[in-house]
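A closer look at the structure
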Amino acid sequence: MAILPILKYPDERLKTKAKAVTEFNDELKQLAADMAETMYKAPGVGLAATQVDKHIRMIVIDVTEEKNDLKVLINPEIIEASKETKPWEEGCLSLPGIYDKVKRPAEVKIKAQDLDGNTFEMQCDGLLAVCVQHEMDHLEGIVFVDHLSLLKRNRICTKIRKQKAEAAKAAKEESN
Ligand code: K1U
Ligand code: ZN
């Protein structure tokens, strides 16, 4: 197993639309295992293949506190979405330290395939519904800040530039 590097916003590769998975082989199982290890280590509650620079339609999710309910969703599709929407404070491993509220359908029913290619359906609410929609956005090349106003996005870009400058300064001081 391996910890994979996570692309950080505004990396252009995060805008790539992922391709459908057609081969359910050992390579796919290895990537799923590596993505799960990367998500748990971060720590996070979800990860899309896009975020580790693999542009295929696969996501991993575990929203339990015990970290014992790993879900691997391949070629996921939303087949029903509630009319009721709910704002939820979202985070993203591609935007460390950035959180904001996004309004999405409160409940979704999804159809996906497992690592053997078997199709299954899953009803999602609460954090699971938020996380599934957030990760499926990644597969479309969308990050949660794309749902925010231009003003908020500009503020976030300024904050990221400051974070980068501070990290570079700290690294320079450490090397002296
Ligand atoms: O896509 C990602 O980068 C993962 C992201 C998923 C997500 C979280 C919250 C709302 C929407 C989507 C994260 O996991 S961010 C980290 C996080 O929220 C978290 C980390 C540890 C424990 C609990 C939550
Ligand atoms: Zn994310």
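A short tour of the structure in this document, coming up. (Residues numbered from 1 in each chain as written. Chains lettered and ligands numbered in written order. Predicted model: local features only at pLDDT ≥ 70, side-chain atom pairs only at ≥ 80, totals over all residues. Heavy atoms only, no water.)

So, on to the site of ligand 1. Near ligand 1 lie 14 residues; those nearest to it are V45, G46, Q51, L93 and E135. The element that contributes the greatest number of residues to the shell around ligand 1 is helix 2 (residues 126–139), accounting for five residues. Residue classes in the shell around ligand 1 are distributed as six nonpolar, six polar and two charged. (Near = heavy atom within 4 Å. Helix = DSSP H or I, 4+ residues; strand = E, 2+ residues; numbered from the N terminus. Nonpolar A, V, L, I, M, F, W, Y, C, P; charged D, E, K, R; others polar.)

Time to look at the coordination of the zinc ion (ligand 2). At this site the zinc ion (ligand 2) is bound by C92 (SG), H134 (NE2) and H138 (NE2), with donor distances of 2.1 to 2.3 Å. Sequence positions of the residues that donate to the zinc ion (ligand 2) give the spacing C-x41-H-x3-H. Here the residue C92 occupies a position in the loop between strand 4 (85–90) and strand 5 (100–105), and H138 occupies one in helix 2, the gap between them amounting to 46 residues. Summarising the burial analysis for this pair, C92 and H138 share the class buried. (Donors = N, O, S within 2.8 Å, 3.2 Å for Na, K, Ca; no water. Buried < 20%, exposed > 50% of the residue type's maximum accessible area, 1.4 Å probe, protein only.)

Turning our attention to the pattern of salt bridges. This structure, assessed with the given rule, holds twelve salt bridges. Between D11 and R13 there is a salt bridge, with its nearest N and O atoms 2.7 Å apart. Taking the relative accessible area as the measure of exposure, D11 reaches 22% and is therefore partly exposed. Residue R13 is classed as partly exposed on the basis of its relative accessible area of 39%. Residue R104 pairs with D137 through a salt bridge whose shortest N-O separation is 3.0 Å. Here R104, found in strand 5, pairs with D137, found in helix 2; they are 33 residues apart in sequence, far enough to count as distant. (Salt bridge = Lys/Arg side-chain N within 4 Å of Asp/Glu carboxyl O.)

By secondary structure assignment, the location of L4 is in the segment before helix 1 (26–41). The buried category is assigned to L4, whose relative accessible area is 18%. Taking the C-alpha atoms as reference points, L4 and T38, 34 residues apart in sequence, are found 5.9 Å from one another. Ignoring any residue separated from it by four or fewer positions in sequence, one finds L4 in contact with L31, D34, M35, T38 and V52. (Contact = heavy atoms within 4.5 Å.)

Within the secondary structure layout, D62 lies in the loop between strand 2 (58–61) and strand 3 (71–81). Salt bridges are absent for the buried D62, whose nearest opposite-charge side chain, K67, sits at 5.0 Å. If near-sequence neighbours (up to four positions away) are discounted, D62 is found in contact with M39, Y40, V45, K67, N68, D69 and L70. (Lys, Arg positive; Asp, Glu negative; His and termini not counted.)

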